[in-house]
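Geometric and topological summary
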Amino acid sequence: MKLQRMNRRALSLGALAVSGALALTACGSDDTGSGTNGGSSPAAAASDVKCDDAKGQLLADGSSAQKNAIDAWVKNFTQACKGVQVNYKGSGSGAGVTAFTQGQVAFAGSDSALKPENVTASKQVCSGGQGIDLPMVGGPIAVAYNLSGVEDLVLDAPTIAKIFNGKITNWNDPAIKKLNPSASLPDLKIQPYHRSDESGTTDNFTKYLIATAKSDWPYEGGKAWQAKGGQSASGSSGVAQGVKQTNGAIGYMELSYAKDGLGTVAINTGAAAPVKASSDGATKAIADAKVVGTGSDLALKINYATKSEGAYPITLVTYEIVCDKGNKAATLPATKAFLRYIASEQGQGILSGIDYAPIPEAVITKVRSTVEGLS
């Protein structure tokens, strides 16, 4: 797929005048996150916002992996559409899909596409239609660590699988030493952190392990963590906080949470050089993805085993889930206006500057067309 090339723009997320109460949390993986620092100015963003008849409160729930992108989008959107309040409760992908299929929200965010049973359930709330997946933001899942004295760390899929499966328990294990011959690895217990809540980030992280290290990761995968042992925390922010507080800890989280002193693992994919989590690396991985949804559903299949140079393999795509038909009349204008903005060139343009990856041009063009046809 040909990817849209976007310039990084400085995002001013200072004091923006937002009318009405704004409660915002994120999509996919956790609850709260670090502030955003990149993106577009409100004035520039407003040029791409078409409010139409949008008004009132827009309720949504789901993934927190896109939390910081949602933060930036909502600030820009509500600056332009002052009659709209966006209340995004980021309870995780699983909770978001449940809220959507129960008719509690106008749209949901999920780092995993709808399953057949979810689509069936959605038909009860989408009068004459069904829930569809609209890919809106890509992002690398960083394997972040806190290890005093070690600034650079390389791991491969089998080693990561063994660490999170409790088979490698010490930082000076021979397998880690072999991948990091010049590092001063301490004789210290590894403290792996995973998500305690159902999470699309967990789903994508374990899909990577299943695709690349199946013999070392004998689990079916899914939103719920299945391996034994380790520490657990709620949301990407909870995992990040746990890793930050514990020397010897390691965890998986959306890249924008891997801040404040945390190191990120470079993955040995078999390419010429190990690849660190980055927006550009995620974009290259999404370029290998295929559209597997049918009709107006645009679900993607990521190639987790990619060996393309510079492609970061542990990458997720966050979907906004909405009814193709049968949306509630009271919220349809606001839903379309918000989704139209985040799929626009301006909305996608802020992503690279805040550690996310824009959706490839060939796919986001289809998303834009689908949004206009929502009814």
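Within any chain, residue numbers begin from 1 and follow the written order of that chain's sequence. Totals for whole chains, interfaces and linings use every residue, but because this is a predicted model, local features are given only for residues with pLDDT of at least 70 and side-chain atom pairs only at 80 or more, for both listing and counting. For side-chain calculations, the full set of non-hydrogen atoms in the structure is used, while hydrogens and water are omitted.

**Let's talk about the overall build of the protein**
Helix and strand labels come from DSSP, where a helix needs a run of H or I of at least four residues and a strand needs a run of E of at least two; each type is numbered from the N terminus. For the protein, the count of helices and strands is twelve helices and 14 strands. The buried label goes to any residue with under 20% of its type's maximum accessible area, the exposed label to any with over 50%, and the partly exposed label to all in between, with areas taken from a 1.4 Å probe on protein chains only. The buried share of the protein, taken over its 375 residues, is 58%. Working rule for contacts: check all heavy atoms of both residues, and any pair within 4.5 Å makes them a contact. The contacts in the protein between residues at least 6 apart in sequence include a share of 79% that link residues at least 24 apart. In this description, accessible areas are obtained by the Shrake-Rupley approach with a 1.4 Å probe, and a residue is regarded as covered only by the protein chains that are shown. Carbon and sulfur atoms provide 47% of the accessible area of the protein, an area that totals close to 14300 Å².

**A look at the packing of helix H5 (residues 157-164) against helix H7 (residues 200-212)**
Helix axes are fitted only over the stretch in contact, all axes being lines through C-alpha atoms; the angle between N-to-C directions runs from 0 to 180 degrees. Closest axis-to-axis distance for the H5/H7 pair is 9 Å, and the angle between their directions is 125 degrees. Between H5 and H7, the angle falls in the class oblique. For the crossing formed where H5 meets H7, the hand is left-handed. Listed contacts from H7 to Ala157, Ile160, Ala161 and Phe164 of H5 are Phe205, Tyr208, Leu209 and Thr212. When residues are grouped by polarity, Ala, Val, Leu, Ile, Met, Phe, Trp, Tyr, Cys and Pro land in nonpolar, Asp, Glu, Lys and Arg in charged, and all others, Gly among them, in polar. Taken together, the residues of the contact of H5 with H7 sort by class into seven nonpolar, one polar and no charged. With respect to orientation, any angle under 35 degrees is reported as roughly parallel, any angle over 145 as roughly antiparallel, any angle of 65 to 115 as roughly perpendicular, and every other angle as oblique. Each crossing is labelled by how the near helix is turned from the far one, with a counterclockwise turn of less than a right angle marking it left-handed and a clockwise turn marking it right-handed.

**A few points about the state of the cysteines**
Disulfides are defined as cysteine sulfur pairs within 2.5 Å. Considering all chains together, one arrives at two disulfides under this definition. With its sulfur 1.9 Å from that of its partner, cysteine 126 forms a disulfide with cysteine 323. Disulfide cysteine 126-cysteine 323: the torsion about the S-S bond is -70 degrees, which places it as left-handed. Remark: cysteine 323 occurs in strand S14 (residues 315-323) and cysteine 126 occurs in the loop between helix H4 (116-122) and strand S4 (131-146); sequence separation between them is 197 residues. Each member of the pair cysteine 126 and cysteine 323 is classed as buried. When the bonded cysteines of the protein are counted from the start of the sequence, the pairing works out to 1-2, 3-4.

**Describing the nonpolar core**
Counting 99 residues, the largest nonpolar core has Trp73, Phe164, Ile250 and Phe338 as its most contacted members. Ranked by residue count, the leading element in this core is S4, at nine residues. Apart from the residues lying within four places of it in its own chain, the contact partners of phenylalanine 338 are Leu58, Ile70, Trp73, Val74, Phe77 and Phe107. Note on terminology: a nonpolar core comprises buried Ala, Val, Leu, Ile, Met, Phe, Trp, Tyr and Cys residues joined through side-chain atoms within 4.5 Å.

**Observations regarding the pattern of salt bridges**
A carboxyl oxygen of Asp or Glu within 4 Å of a side-chain nitrogen of Lys or Arg is what we treat as a salt bridge. As enumerated under the stated definition, the model contains eight salt bridges in all. Taken together, the shared-partner salt bridges in this structure form one network comprising Asp52, Arg340 and Glu372.

**A few points about the pairing of S4**
With 16 of its 16 residues buried, S4 lies for the most part within the structure. When DSSP finds two or more bridges between two strands, those strands count as paired. The pairing of S4 with S14 spans nine bridges and is classified as antiparallel. Its bridge partner lying in S14, proline 140 is registered against threonine 315. One ladder, built from six bridges, connects S4 with strand S8 (residues 249-254); its direction is antiparallel. What sits directly across from tyrosine 145, in S8, is isoleucine 250. Of the pairings in the sheet, the one linking S4 to strand S9 (residues 263-264) comprises two bridges and is antiparallel in character.

**Focus: the sheet that holds strand S11 (residues 275-276)**
Sheet architecture is open: three strands sit in the order S5-S10-S11, paired in mixed fashion. Because the sheet does not close on itself, it has two edges, and the strands there are strand S5 (154-156) and S11. Here two bridges tie strand S10 (residues 266-268) to S11, and the two strands are oriented antiparallel to one another. Looking at the pairing, alanine 266 lines up with lysine 276 of S11.

**Thoughts on the packing of helix H2 (residues 67-80) against helix H10 (residues 332-343)**
Packing of H2 against H10 brings their axes to within 10 Å, and their N-to-C directions diverge by 115 degrees. In this structure, H2 meets H10 at a crossing whose hand is right-handed. Facing H2, whose interface residues are Ile70, Trp73, Val74, Asn76 and Phe77, H10 presents Ala334, Ala337, Phe338, Tyr341 and Ile342. Residue composition of the contact of H2 with H10, by class: nine nonpolar, one polar and no charged.

**Considering the environment of valine 363**
Along the chain, the position of valine 363 falls in helix H12 (residues 361-372). Sequence-wise, valine 363 and leucine 300 are 63 residues apart; in three dimensions their C-alpha atoms are separated by 9.3 Å.

**Some thoughts on unusual backbone geometry**
Phi at aspartate 260 is positive, roughly 55 degrees, even though this residue is not glycine. Summarising the element assignment, aspartate 260 is placed in the loop between S8 and S9. Of note in the backbone geometry, aspartate 355 takes a positive phi value of approximately 70 degrees without being a glycine. Checked against the element boundaries, aspartate 355 lands in the loop between helix H11 (345-349) and H12.

**Remarks on the packing of aromatic side chains**
Centres within 6.5 Å make a pair out of two Phe, Tyr or Trp rings, where for Trp the six-membered ring is used; the pair is then stacked when the planes are under 30 degrees apart, edge-to-face when over 60, and tilted otherwise. Applying the stated criterion to the full structure yields ten aromatic pairs. Here phenylalanine 164 and phenylalanine 205 contribute two aromatic rings whose centre-to-centre distance is 5.2 Å and whose plane-to-plane angle is 75 degrees, an arrangement assigned as edge-to-face. Placement of the pair is phenylalanine 164 in helix H5 and phenylalanine 205 in helix H7, with a sequence separation of 41 residues. Just as phenylalanine 164 is buried, phenylalanine 205 falls in that class too. Seen in terms of ring centroids, tryptophan 217 and tyrosine 219 are 4.9 Å apart; in terms of plane orientation they differ by 70 degrees. Their pairing is edge-to-face. Across the pair, tyrosine 219 and tryptophan 217 agree in class, each one buried. By way of ring pairs, the aromatic residues Phe164, Phe205, Trp217, Tyr219, Trp225 and Tyr252 are connected into one cluster.

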